[in-house]
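As a plain string of letters, each chain reads:
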Amino acid sequence: MPDKTIAAKVDALPGDTASTAGVVVTDSGPAPEKARSLWSDAWHDLRRNPLFLVSAVLIVFLLVMAIWPGLFTGTSPTHADLAKHYLGKPNWGHVFAGDWLGYDVQGRSIYARVVYGARASITVGVGVTVAVTVIGTIIGMVAGYFGGWTDTLLSRVTDIFLGIPFLLGALVILNSFDDRTVWVVIMALAFLGWTQIARVARGAVITIKQSDYVVAAKALGASTSRIMFRHILPNAVAPIIVVATIALGGYIAAEATLSFLGVGLGDSAVSWGGDVARGREQLRIAPHTLIIPSVMVSITVLSFLMFGDAVRNALDPKLR
Amino acid sequence: MGRYVARRLLQMIPVFIGSTLIIFCMMYALPGDPVRAMMGDQAYDPSVVASIKKDLGLDQPLLQQYVHYMTGLLHGDFGTQIASQRPISDVIADAFPVTIRLTVFAFTFVTLVGIGLGVIAGLRPDTLRDRGLLTLTLVLVSMPSFVLGFLLQYLLAFKWSVTTPTVTDSTNFSQLALPAIVLGSLSLAYVARLTRTSIAENLRSDYMRTAIAKGLPRRRVIGVHLLRNSLIPVVTFLGIELGSLMTGAIVTEGIFNVRGIGVEIYEALTRREGATVVGIASLMVLIYLAASLIVDLLYAVLDPRIRYA
Amino acid sequence: MTIIDETAESPGPQETGRPLLEVRDLHVEFSTRDGVAKAVNGVNYSVAAGETLAVLGESGSGKSVTAQAIMGILDMPPGRIPKGEIFFRGQDMLKMSGEERRKIRGNRIAMIFQDALSSLNPVLSVGYQLGEMFRVHQGMSKKDAKAKSIELMDRVKIPAAAARVNDYPHQFSGGMRQRIMIAMALALEPDLIIADEPTTALDVTVQAQVMDLLAELQREYHMGLILITHDLGVVADVADKIAVMYAGRIVETAPVHELYKRPAHPYTKGLLDSIPRLDQKGQELYAIKGLPPNLTRIPSGCAFNPRCPQAQDVCRTDIPLLFPVTERDGGELVGRGSACHFWKETIHG
């Protein structure tokens, strides 16, 4: 116990009495230490970045909307009143009332549909990003860490998946399913989308693997899993998170595009992309039925892109 | 160099087979049935369906079907469309030039405007015009092409009648302009951002300082030293984008009713016609692979530090 | 006076007796996130044709920024020159138009940078980059420029110049690259060369070769040379006089050998004492305590006072001017000056 306190003190003094510090470092791990300062630096930068603040507020707002749509409107998104149909134009005076944004072709409140549509987009976006990050990180780390034929094989598999046009592949998969739930869409997009993260993770791992502290940990006989999870993963996390956040916006756009093409979520689901597709028929007479959900898609994608951009700028030491 | 090209070509073979095999499997192994799709909602006789399937070879094991299909493809035989009974190669021959025209148009637009905007912003990083451009590109990236497509279609065609809402003649470049801009908007945003970052980074480099210290005129400092270096990553990015523009055509062609491979593949999909889908998809994979090889070679030509053995 | 024969061959408004380059009361500021950084605070120095001035200082002392101001390659914002004059052959370059200055850059005043690998354009052949000098400043054809480039590469002793003229910078060794930088600076036989740490990035053995080459060419072309360095060892053999800079000011000037023998400023003394010497084996090496000042918050009085072993109250309040340094009996010491209130104590012990 007394040893530990001394060790902690030594550790706190940078560049002092190397021999004692060296022992401590292998035990507590230099990686989390380094990561912590990187993250706190990034946080310091982010708090002062207006783009980050605006996008963070928007994202929180959208998340709340996705989880508790009832907070925003009492109108059901599926309640159709044909008397009102799409000729009910937006009524900008009645902010947040049921008829605020007008009615669609079947007389459903566009405001309610927009509020309830958030859930589908956000679930797909977040779900695909999580799935892709997990798959991509594992494959990338294994390929980068073990190298050799494992790397060759996994890299070739990555190349094969990269060769499949993303949108086309998703169209083909989803077109085969008659009942397209959120989970089917997530799995289809994740199946095709993991390559980007895998490449980033592989690159990061190869760089980190050659760094002195990993070589030192190996020399001291640390196990493979310990090196992977204590030393490599914490340092590879930053670039992966950056790519994942930016990709999230892209997946939301992809979901909307697929819904628009008629192979997104099923017809009964409330989704922005689906509403845009249905609004298409009335583009000339009632453009608001198409424009309002379109704008929602764009705002959501923009929020995540700005967020990812700000995080990248904060985490990339080169830009400092 | 020749050795490298040969090795890359050899490596492309398994990737091509892998990618097309996956597409083939997705098309045929997943639920969904072309013969039933052809019959639509009408009542059908299972034995008729079975015999049609047998004729089409759809009752054989999947891998055998794939080998059979690819053998045909290598001989230039793409198969026949079930619904129209036309040879698929004819369908592609009709539709492909349309998509090529659209893609080349979009590509030219992306290259000229994207690089132009990127240079303008990158030369004065962190000024108002730079931030303005970055914001504009973010907005463009956040608009899925169908959103931008409808927005422009509504404004330009319906509201202001500047252009036609749909393309009736794909050789008429004034009609193709709007779809090309919509198709290219996402790539444009990326190219502008990449150019901007690259220019801003190189602007601070030591060799730029040397170029100024040599007393070169500003025109030469920027035109020769800055651009020559900054555009290397942009050129390679553009090569890869050529492939994604082609896939993006599925959406754009649909919005503006351009009769290209995008519309063909989409219609074939709704009819669940595997042969057409896999045929066109294989072409796209091939174009993507060729583009990435060309990009790698171009990279070596542009940057003398890169040498392939 | 060596200047006289120089005047004969260079027409223009240069008066006899005036140095080739004269920097007067130069100030340079940078706007940074933390405020205005005062990088150069009233520097005066001059160089005659054929003369070598070594400017010595740590990083952040303003030695390179002064050189960049002379070249006119300060990034303009964020760099500013609020005050000062830079006379080149009698004309104040700070009053010239951009185009006039451009024609001097590379042509009459040339610069050699520290890291030749990053300072040469990686994607253009060395022949192209050398030939550019002739093509731009003399309107030479591509073919003639190439022939001249080969000649230049021969001149700086690059083996097989004709075969290597189309090679790219990364294909040369560090020493050869620095020779190419020198060749580029020398191309139009300028009147003045500014070498900013020309050998710092090189191996020790190569350093001497490059330095010798530079000195030889300078003698041959009778150029003025400003040698910027933090390495006291490099300076001794080559320079005629030395200016030591600290926090944007010149703290001491002296003919080269005088400075080594009898420093008149505590900072110079500290620098000399911190050179490892063979006859002091086993003793602990001297180090100046503390760190160079933050340029946005330069200490009041003498900027060196927080680190100075001799500092008194006056050092914390009054900025010392560059006092002329004399012998103990008041005898003149040519070219010597020290910006220390206690220079007498420093030099005469």
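Note that the structure is predicted; figures quoted are calculated from it, not measured.

Moving on, we come to the overall build of chain A. Counting its regular elements, chain A contains 13 helices and 0 strands. Reading the helices (α) and strands (β) of chain A from amino to carboxyl end gives α-α-α-α-α-α-α-α-α-α-α-α-α. Counting only residues that meet the buried cut, chain A has 47% of its 320 residues in that class. For chain A, the proportion of contacts with a sequence separation of at least 24, taken over those separated by at least 6, is 70%.

Judged by nonpolar contacts, the single largest core of 161 residues is most densely connected at Ala170(A), Leu171(A), Val172(A), Leu189(A), Ile23(B), Val191(B) and Val277(B). If you tally residues by element for this core, the top one is helix α11 (residues 224-260) of chain A, at 17 residues. Excluding residues that lie within four positions of it along the chain, Ala170(A) makes contacts with Ala188(A), Leu189(A), Leu192(A), Ala254(A) and Leu258(A). In terms of nonpolar packing, the next biggest core, distinct from the first, is built from 99 residues, Ala211(B), Ala48(C), Ala49(C) and Ala195(C) among them.

To continue, consider the interface of chain B and chain A. Of the residues lining the interface, 33 residues belong to chain B; the matching set on chain A comes to 34 residues. For the side of chain B that touches chain A, the elements supplying multiple residues, two or more each, are α1 (2-29), α6 (128-142), α7 (145-159), α10 (218-256) and α12 (274-302) of chain B. Among the elements that make up the side of chain B that touches chain A, the one with the highest residue count is α1(B) (8 residues). Each residue belonging to the side of chain B that touches chain A can be placed in one class, and the counts come to 28 nonpolar, 5 polar and no charged.

A few words now on the interface of chain C and chain B. Tallying the contact residues gives 23 residues for chain C and 18 residues for chain B. Mapped onto the side of chain C that touches chain B, the elements with two or more residues apiece are α3 (98-104), α4 (116-119) and α5 (126-138) of chain C. Broken down by element, the side of chain C that touches chain B gets its largest block of residues, 4 residues, from α5(C). Split into classes, the residues belonging to the side of chain C that touches chain B amount to 11 nonpolar, 7 polar and 5 charged.

What follows deals with the sheet that holds strand β2 (residues 35-47) of chain C. Residues and elements named next belong to chain C. Read across the sheet, 4 strands follow the order β2-β1-β4-β5 without closing on themselves; strand pairing throughout is antiparallel. The strands lining the two open edges of the sheet, one partner per strand, are β2 and β5 (91-92). Judged from the 2 bridges that link them, strand β4 (residues 79-88) and β5 form a sheet pairing that is antiparallel. Bridge pairing links Phe87 to Asp92 in β5. Its contacts with the sheet put helix α2 (residues 63-71) on β1 (21-32), β2 and β4, and the angle it makes with β1 is roughly 110°.

A few words on helix α6 (residues 148-163) of chain A. With 16 residues, α6(A) should reach 22 Å at 1.5 Å per residue; the first-to-last C-alpha distance of 23 Å fits that figure. Looking at the packing, one finds that the buried side of α6(A) touches α8 (182-193) and α9 (195-209) of chain A together with α1 and α12 of chain B.

For an α-helix, 3.6 residues make a turn, and residues three or four places apart therefore share a direction. With 9 of its 10 residues buried, helix α7 (residues 166-175) of chain A lies for the most part within the structure. Every buried residue of α7(A) is accounted for by Leu167(A), Leu168(A), Gly169(A), Ala170(A), Leu171(A), Val172(A), Ile173(A), Leu174(A) and Asn175(A). Structurally, α7(A) contributes buried residues whose contacts are with α8 and α11 of chain A together with α1, α10, α11 (261-270) and α12 of chain B.

Below, the discussion takes up the sheet that holds strand β11 (residues 323-326) of chain C. Residues and elements named next belong to chain C. On the basis of which strands lie adjacent, the open sheet formed by 8 strands has the order β6-β7-β8-β3-β9-β10-β12-β11 and mixed pairing. Of all strands in the sheet, those bounded by a partner on one side alone are β6 (109-112) and β11. Shown here is a sheet whose adjacent strand axes are inclined to one another by a mean of 20°, direction ignored. Two elements, β11 and strand β12 (residues 332-338), share 3 bridges in a ladder whose sense is antiparallel. Its bridge partner lying in β12, Pro324 is registered against Gly337. Docked against the sheet, helix α8 (residues 174-186) engages β6 and β7 (192-196), running at close to 175° with respect to β6.

Residue and element names in this part refer to chain C. Examined against the element boundaries, Met93 turns out to sit in the loop between β5 and α3. Each C-alpha atom of the pair Met93 and Met71 lies 9.4 Å from the other, and the pair is 22 residues apart in sequence. Those residues in contact with Met93 that sit more than four places away from it in its chain are Gly72, Ile86, Phe88, Arg101 and Ile104.

Glancing now at the environment of Val224(B). All names here are of chain B. Looking at the secondary structure, you find Val224 in helix α10. The class for Val224 is partly exposed, based on 16 C-beta atoms found within 10 Å. C-alpha separation for the pair Val224 and Ala211, spaced 13 residues apart in sequence, amounts to 9.8 Å.

All names here are of chain A. Here helix α4 (residues 50-67) crosses helix α13 (residues 288-315) at 135°, and the two axes come no closer than 8 Å. One element, α4, and the other, α13, form an angle in the oblique class. Taken as a pair, α4 and α13 cross one another with a handedness that is left-handed. Judged by residue contacts, Leu51, Phe52, Ser55, Ala56, Leu58, Ile59 and Leu62 of α4 engage Ile299, Thr300, Ser303, Phe304, Met306, Phe307 and Ala310 from α13. Of the residues belonging to the contact of α4 with α13, the class tally is 11 nonpolar, 3 polar and no charged.

With that out of the way, let us pick up unusual backbone geometry. Residues and elements named next belong to chain C. Despite not being glycine, Asp25 shows a phi value in the positive range, around 50°. Within the secondary structure, Asp25 sits in strand β1. With a phi angle near 50°, Glu197 is a residue other than glycine that sits in the positive phi range. Note that Glu197 resides in the loop between β7 and α9 (204-221).

Calculation notes
- Residues numbered from 1 in each chain as written.
- Chains lettered and ligands numbered in written order.
- Predicted model: local features only at pLDDT ≥ 70, side-chain atom pairs only at ≥ 80, totals over all residues.
- Helix = DSSP H or I, 4+ residues; strand = E, 2+ residues; numbered from the N terminus.
- Buried ≥ 20, exposed ≤ 12 C-beta atoms within 10 Å, placed from the backbone.
- Contact = placed C-beta atoms within 7 Å.
- Core = buried A, V, L, I, M, F, W, Y, C linked by C-beta atoms within 7 Å.
- Nonpolar A, V, L, I, M, F, W, Y, C, P; charged D, E, K, R; others polar.
- Pairing = 2+ DSSP bridges.
- Axes fitted to C-alpha atoms, helices over the stretch in contact; angles between N-to-C directions.
- Expected span 1.5 Å × (residues − 1).
- Parallel < 35°, antiparallel > 145°, perpendicular 65-115°, else oblique.
- Left-handed = near helix turned anticlockwise from the far one by under 90°.

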